Amino acid sequence: MAVQPHPAVQSALSTAASSTVQVGEIRPNDHLCFVFGDERERAAVTTTFVRDGLGSGDKVLYITEDDGPALARVLATLTAAGIDVAGHTAAGRLVVAGAEQTYLADGRFDVDRTVAMMDAFIQQTEAEGYRLLRVTGETGWVARHGVSIGELIAYEQAVSPLAVDGKVLALCQYDHRAFAAADMDALDRAHAGRAEENAVFEDGELLIRRRHGDSPGLGLTGTVGETGHTPLAKALDAVVAESAEHATDVHVDMSGLDFVDLEGLRLLVAARQELGDGRALHLERPAPHLRRLIRMAGWDAASAFRSPHPDFRHQACLYGSDAEFLATALPFVEEGFRLGEPVLAATTSANLELLSEALGERAELLDFAETAYFGRRPPQRIAAYERYWRSASAGTAARHVRILAEPVWAGRSAAEAAAWRRMEALLNALLGDTNIWMVCPYDTRVAPPGVLADARRTHPELRQGLGLTPSADYVDPRTPAAGPVDSPALIPPPAHAPVLRWDSVTPATTRLRDFVTEHAARLGLTGDRTELLVLALTEVARLLGHAAVDGPEPAPAPASLCLWAWGRRMVVELVQPGLRPSDSALDDPLLGYRLPRPDGPRPGEGLWLARQISESVEVRATDAGCVVRLELTGARALA
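Draft legend 1. Looking closely at the overall build of the chain. Along its length, the chain carries 19 helices and 24 strands. In terms of overall dimensions, the chain is more spread out than a globule: its C-alpha atoms have a radius of gyration of 33 Å, far above the 26 Å expected for 639 residues. C-alpha atoms of the chain, sized along the principal axes, occupy 100 × 60 × 45 Å. For the chain, buried positions account for 52% of its 639 residues. Put simply, 75% of the contacts in the chain that link residues at least 6 apart link residues at least 24 apart. For the chain, the computed accessible surface area is about 27500 Å², with 52% contributed by carbon and sulfur atoms. The averaged location of the 86 negative side-chain charges in the chain is 5 Å from the averaged location of its 62 positive side-chain charges.

Right, dumping it as structure tokens:
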């Protein structure tokens, strides 16, 4: 009569599919299923299983699927992992035997006899003074010897009671390629859980697992913040090196991530760009807001992030008629065509039509963008320029990437017009390491006189037809002569606004995320926009916190974050008290306008993200501290 499962075992079997145990955490009484997809994956787990057993004073029995090639493979794998196979075997601590000597002792498989054999091994192990018997068995012999799934399941269920007294722990190996999915599910349920490879890193916030098999790489779970950067970088280095050795792609499963900051995302993107020889790194199942962020940063396109021969040119063209527009724009575009340079025209729909008619069939060589939709606000416009440059310059040896970039002035408020004039000035510094050649047309028929005067102040050169002259009024935005930006005083938050405070350098990511998600939802902000806002606020809080720490004195009061509705907008304010050093990054006029780069972090990237998702961002740094205020559309007033 076959042995029936012990009641405790039967209870464990009923919930087996939901239990997963790292191989290093296997304990006495465990009877686990290990499902793998190739030999590298199997070796990673089984060598750890054997090494841990020998190190714990266990006796280890490894049953191979045959006593020929499979036995030789196992011995070679254990030896390559640094295990003294000969020494442990001679001492009786390690037994490696083929299925023919164990499962198939008389040429056939019998459940009762095999269970009795295992029981005898356990009794012998105890008599020899070992802590317990640690056994792992391969199952490649099942199909060759005509053993049915029913027989195999009956054996797995019958052998489970042997583990109840803590005298054995078992790891049953199953190559999922050799079993039907339904059969594999049934076999899973015949065990007390599944075993998997040990985590590469685990600290309570972030769990990094290695993945082998058909999709080698990493599985990420939890939160990637400051403490996770170093372990993530090390894990990526290891899998990239392994992929080079085996000429395989790398897969990173991001579905388990609750949060990843910009530096964590940068590490993933940088690793992808380091791969060569046709290999690729696949970011699997990232959250939608991370996909959007990768696109916004231009990390989904080119691998070039600065020009090997920077030659940024920024010229203004003041025109008063269609003919004057074409007299400047057409030669600029046609010269680009002749030189094989990418050319983008981001101008009004009327001017795009003029250019298209003048170019005729050659218009298909031109990249078009209606200026009103090519970056609705200045920070988005700057990002759009650099993304186009990165994409267009990839794989080309062209001297320049040409952009005909016409701002829109009609319908702009005074504050909006000031922001666009400020952008024109900042471009001279922000794009200085590119080879963009930009001509900015200004229509004197619609642009106010002050805008035209500022065009001469913000562009080093003026272009008219084929003529080019230096602008006598040009002011470098990085010099004191550029002057401060006049900003109105900030209205204090309402008394009822919810506030989050923290005394540490930065707030706990989970606490900040929960606070912002709860209160933003009440104001009508949900989904991807909330996730991006949480990421931006986390990065900005980190920037402000470190600026205060680097200052001459400690912060006199906790930092804080509050949010409230103002009309149809949501306002979020970060306050960081404390003095700042004289060379604080917060005093940089370019802070928060540069695109993040995978080749290394720079201050202000959180502000960059904040500027991308907000209608406006105000940064007010004083001797008493710093305030950053964001305004986002789509909010609703509280009842």
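Draft legend 2. Quick peek at the packing of aromatic side chains. Under the counting rule described, the total for this entry stands at 9 aromatic pairs. For the pair F332 and W437, a centre-to-centre distance of 5.6 Å together with 75 degrees between the ring planes defines the contact as edge-to-face. Highlighted residues: F332 in helix α12 (residues 322-338) and W437 in strand β17 (residues 436-443), separated in sequence by 105 residues. Through a chain of ring-to-ring contacts, the aromatic side chains of Y103, F109, W141 and Y155 assemble into a single cluster. The side chain of R313 reaches across the aromatic face of W437, ending 4.5 Å from its centre.

Draft legend 3. A look at the sheet that holds strand β23 (residues 616-622). With respect to topology, 5 strands assemble into an open sheet ordered β20-β21-β22-β24-β23, the strand pairing being antiparallel. In this open sheet, the two strands that pair with only one neighbour each are β20 (499-502) and β23. Along the sheet, successive strands turn relative to each other by an average axial angle of 10 degrees, direction set aside. Relative to strand β21 (residues 559-566), β20 runs antiparallel, the two sharing 4 bridges.

Draft legend 4. Quick look at the side chain of S614. Its place among the elements puts S614 in the loop between α19 (605-613) and β23. For S614, the side chain forms a polar contact with the main-chain oxygen of A610, separated by 2.7 Å. If we ignore the near neighbours within four places in the chain, the residues touching S614 are R377, L630, E631 and L632.

Draft legend 5. Geometry of helix α14 (residues 378-393). Compared with the 22 Å implied by 1.5 Å per residue over 16 residues, the 22 Å span of α14 between its first and last C-alpha is a close match. Buried residues dominate α14, accounting for 13 of its 16 residues. After α14 finishes, the residue G395 shows a positive phi value of roughly 75 degrees.

Calculation rules
- Residues numbered from 1 in each chain as written.
- Predicted model: local features only at pLDDT ≥ 70, side-chain atom pairs only at ≥ 80, totals over all residues.
- Heavy atoms only, no water.
- Helix = DSSP H or I, 4+ residues; strand = E, 2+ residues; numbered from the N terminus.
- Rg over C-alpha atoms; globule rule 2.2 N^0.38 Å.
- Buried < 20%, exposed > 50% of the residue type's maximum accessible area, 1.4 Å probe, protein only.
- Contact = heavy atoms within 4.5 Å.
- Areas by Shrake-Rupley, 256 points an atom, 1.4 Å probe, with all protein chains shown as cover.
- Lys, Arg positive; Asp, Glu negative; His and termini not counted.
- Charge placed at Lys NZ, Arg CZ, Asp CG, Glu CD.
- Phe/Tyr/Trp six-rings, centres within 6.5 Å; stacked < 30°, edge-to-face > 60°.
- Lys NZ or Arg CZ within 6 Å of the ring centre and 35° of its normal.
- Pairing = 2+ DSSP bridges.
- Axes fitted to C-alpha atoms, helices over the stretch in contact; angles between N-to-C directions.
- Polar contact = N/O pair within 3.5 Å; in protein donor to acceptor, adjacent residues only side chain to side chain.
- Expected span 1.5 Å × (residues − 1).

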